[in-house]
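# Fold and geometry: a report
One-letter residues, chain by chain:
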Amino acid sequence: MRIIITFQDNQVPVYFNTDTKQPVQRTLKLLTSALENKFRNGKQALKKCLNSLISIEIEGSEAILHSKSEFDSLALSLY
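This report concerns the structure included in the present document. This structure is a prediction, so every number in the text was calculated from the model and none was measured.

### A word on the overall build of the protein
Helix and strand content of the protein: 2 helices and 5 strands. For the protein, whose C-alpha radius of gyration is 12 Å, the value lies close to the compact-globule estimate of 12 Å for 79 residues. The C-alpha extent of the protein, read off along each of the three principal axes, is 35 × 20 × 20 Å. The proportion of buried residues among the 79 residues of the protein is 33%. Taking contacts inside the protein between residues at least 6 apart in sequence as the whole, the part at least 24 apart equals 39%. Accessible area for the protein stands at about 5300 Å²; split by element, carbon and sulfur atoms hold 49% of it.

So, how was this worked out
- Residues numbered from 1 in each chain as written.
- Predicted model: local features only at pLDDT ≥ 70, side-chain atom pairs only at ≥ 80, totals over all residues.
- Heavy atoms only, no water.
- Helix = DSSP H or I, 4+ residues; strand = E, 2+ residues; numbered from the N terminus.
- Rg over C-alpha atoms; globule rule 2.2 N^0.38 Å.
- Buried < 20%, exposed > 50% of the residue type's maximum accessible area, 1.4 Å probe, protein only.
- Contact = heavy atoms within 4.5 Å.
- Areas by Shrake-Rupley, 256 points an atom, 1.4 Å probe, with all protein chains shown as cover.

Take a look at the structure:
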């Protein structure tokens, strides 16, 4: 399943499996709050990834953040 979210004035596609046990809205709420928190308080490497974010893939309780440079891609725990 694919949903588009707005983060830092950019449209970012979020891909996730519909077999997840968590409701979609709860997962998206956790994701957006984690991204905003990390953007404000995160380390430089995480901020670099968030500035060039192109898509997010949710696998279980982890969000894989894909950036323009594959070296900047990171995994972020949602729980």
